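# Structure at a glance
Below, each chain spelled out in residue letters.
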Amino acid sequence: MRITVLGSAAGGGFPQWNCNCRNCAGVRSGQVNARPRTQSSIFVQPDDGLEGVLFNASPDILEQIRSHPTLQPGRALRDTAIAGVILMDGQIDHCTGLFMLRERGTTLPLWCTDPVEEDLTHGNPVLRVLEHYCGVQRHRIALDGAWFEVPGVADLQFRALPLSSKAAPYSPHREQPVPGDNIGISIHDRRSGATAFYAPGLGEITPPVFDAMSGADAVMVDGTFWSDDEMPRMGIGRKTAREIGHLPQSGPGGMLEWLAKLPTATRRLLIHINNTNPILDEDSAERAALTRAGVQVCEDNTSLHL
Ligand code: MLT
Ligand code: MN
Ligand code: ZN
């Protein structure tokens, strides 16, 4: 399979439109050695297939499609390589792009869990609005560990794992999490035998999460924050990383400690990086620490062949 990172930033993107933190101001002025990034999404294709699965539909989807010709195979007057969309949660950065796909000529095949469908039908009724355009053919993602497939994408199969993270702020259960608000996905290629684990919003590494990570050839996991108090310390909001469902990289029990426990051969990548995170600065001490630990920071365009 080929995994293409379409967007490697968390909600807001990088630089964020209204932000003048060191990273955002620095990438604009050129004083910080960092690359701009669009919001959170990956595209996964089987080796010999034109069509693939879009994981999350970011507000930046149109720009992402323009900069990745593989998403527009050009076989017909109206065409797309997106065979279906799988949502990891109902957060704004992962679902707003569904509106941009409204001109689709056929109903949009969409996989999400029940709580996400509920949120996207009521709190933020994207799916209801889309009924006035292409319409959505919604498939339920079960949380029982069953593998599922996406028609048109041969050889790949997918399995969801409920995660401890956070539903979107508009969700009635933002503060009363239910299983399925956020999921991680194992992507298995039957042909190559490889497995990837993708979890852009991951608040806690429970034993089943660590099992899924340990069984993968590559993990692409929550890279939102370096430290738990990153935003409050900068005077941006009051909430810590953990309070909004993201496990920070540094500190006791942080993501780096977990990544260090994985088998040596596992590829370790961080994705969904918030604009405040010092790892965006390629000259930072934090980035150097990741490099020493064998952890890669995803950019828009990073691609993995597994
Ligand atoms: C999150 O994952 O917490 C988000 O990126 C929030 C958002 O999209 O506003
Ligand atoms: Mn997000
Ligand atoms: Zn910023």
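### Comments concerning the overall build of the chain
What the chain contains, in helices and strands, is nine helices and 13 strands. What you see for the chain is a C-alpha radius of gyration of 18 Å, in line with the 19 Å of a compact globule of 306 residues. Across its three principal axes, the chain shows a C-alpha extent of roughly 50 × 40 × 40 Å. Counting across all 306 residues of the chain, residues that qualify as buried make up 56%.

### Brief notes about the coordination of the manganese ion (ligand 2)
Bound to the manganese ion (ligand 2) are the protein donor atoms Asp93 (OD) and His272 (NE2), situated 2.1 to 2.2 Å from the metal. Placement of Asp93 in helix H3 (residues 92-95) and of His272 in the loop between strand S11 (267-271) and helix H9 (285-292) is noted, with a sequence separation of 179 residues between them. Taken individually, Asp93 and His272 each receive the classification buried, so the pair is uniform in this respect.

### Digging into the sheet that holds strand S2 (residues 41-45)
A sheet is described by the order of its strands in space; here seven strands give the open sequence S6-S5-S4-S3-S2-S1-S13, paired in mixed fashion. Unpaired on one side and paired on the other, strand S6 (136-140) and strand S13 (303-305) mark the two borders of the sheet. With direction set aside, neighbouring strand axes in the sheet form an average angle of 25°. Direction of pairing for strand S1 (residues 2-7) relative to S2: antiparallel, over a ladder of five bridges. The residue of S2 that forms the bridge with Gly7 is Ser41.

### As for the nonpolar core
Core analysis: the largest hydrophobic core is formed by 34 residues, its most contacted members being Phe197, Met213, Val221 and Leu259. Only helix H1 (22-29), strand S9 (195-199), helix H6 (207-214), strand S10 (218-222), helix H8 (255-260) and strand S12 (295-297) provide two or more residues apiece to this core. Looking at this core element by element, the count peaks at four residues for H6. Here Val221 is in contact with Phe197, Ala199, Leu202, Met213, Met255, Leu259, Leu269, Leu270 and Ile271, once residues within four sequence places are set aside. Residues Met1, Val53, Phe158 and Ile271 belong to the second largest nonpolar core, which totals 31 residues.

### Concerning the pairing of S10
Counting buried residues along S10, five of its five residues qualify, which places the element largely inside the surrounding structure. Two elements, S9 and S10, share four bridges in a ladder whose sense is parallel. Across the sheet, residue Ala196 finds its bridge partner in S10, namely Ala218. In this region the chain leaves S9, passes through H6 and returns to the parallel neighbour S10; the handedness of that crossover is right-handed. Bridge count for S10 against S11 is five bridges, and the pairing is parallel. Paired with Asp222 across the bridge in S11 is Ile271.

### Description of the coordination of the zinc ion (ligand 3)
Coordination of the zinc ion (ligand 3) by the protein comes from Cys19 (SG), Cys21 (SG), Cys24 (SG) and Asn275 (OD1), over a distance range of 2.2 to 2.3 Å. One chain supplies every donor to the zinc ion (ligand 3), and in sequence these donors are spaced C-x1-C-x2-C-x250-N. You can see Cys24 sitting in helix H1 and its partner Asn275 sitting in the loop between S11 and H9, a full 251 residues away along the chain. Accessibility classification places Cys24 together with Asn275 in one group, the buried group.

### A few points about the site of ligand 1
The environment of ligand 1 is formed by Gly11, Gln91, Asp93, His246 and His272. Here an oxygen atom of ligand 1 sits 2.9 Å away from a polar atom, N or O, in the side chain of His246. Expressed as a share of its isolated accessible area of 270 Å², the protein-covered part of ligand 1 is 72%. Under a 2 Å grid-point criterion requiring more than half of the atoms, the pocket assigned to ligand 1 is the largest pocket. Considered class by class, the residues forming the shell around ligand 1 number no nonpolar, four polar and one charged.

### Topic: the packing of aromatic side chains
Tallied over the full model, the rule gives four aromatic pairs. Ring geometry for Phe148 versus Phe158: centroids 5.7 Å apart, planes at 40°, classification tilted. Note that Phe148 is positioned in the loop between S6 and strand S7 (156-162) and Phe158 in strand S7, a separation of 10 residues in sequence. Assessed through its relative accessible area of 14%, Phe148 is described here as buried. Judged by its relative accessible area of 0%, Phe158 is buried. Directly above the ring of Tyr133 sits Arg102, whose terminal nitrogen or CZ lies 6.0 Å from the centroid. Taking NZ or CZ as reference, Lys261 lies 4.1 Å from the ring centre of Trp258, over its face.

About the cut-offs
- Residues numbered from 1 in each chain as written.
- Chains lettered and ligands numbered in written order.
- Predicted model: local features only at pLDDT ≥ 70, side-chain atom pairs only at ≥ 80, totals over all residues.
- Heavy atoms only, no water.
- Helix = DSSP H or I, 4+ residues; strand = E, 2+ residues; numbered from the N terminus.
- Rg over C-alpha atoms; globule rule 2.2 N^0.38 Å.
- Buried < 20%, exposed > 50% of the residue type's maximum accessible area, 1.4 Å probe, protein only.
- Donors = N, O, S within 2.8 Å, 3.2 Å for Na, K, Ca; no water.
- Pairing = 2+ DSSP bridges.
- Axes fitted to C-alpha atoms, helices over the stretch in contact; angles between N-to-C directions.
- Core = buried A, V, L, I, M, F, W, Y, C linked by side-chain atoms within 4.5 Å.
- Contact = heavy atoms within 4.5 Å.
- Right-handed = clockwise from strand over helix to strand, strands pointing away.
- Near = heavy atom within 4 Å.
- Polar contact = N/O pair within 3.5 Å; in protein donor to acceptor, adjacent residues only side chain to side chain.
- Areas by Shrake-Rupley, 256 points an atom, 1.4 Å probe, with all protein chains shown as cover.
- 1 Å grid on protein atoms, 1.4 Å probe; cavity = no way out; pocket = protein on both sides within 12 Å on 5 of 7 lines; lining within 4 Å.
- Sits in = over half its atoms within 2 Å of the grid points.
- Nonpolar A, V, L, I, M, F, W, Y, C, P; charged D, E, K, R; others polar.
- Phe/Tyr/Trp six-rings, centres within 6.5 Å; stacked < 30°, edge-to-face > 60°.
- Lys NZ or Arg CZ within 6 Å of the ring centre and 35° of its normal.

By themselves, these observations are geometric and do not establish any function.
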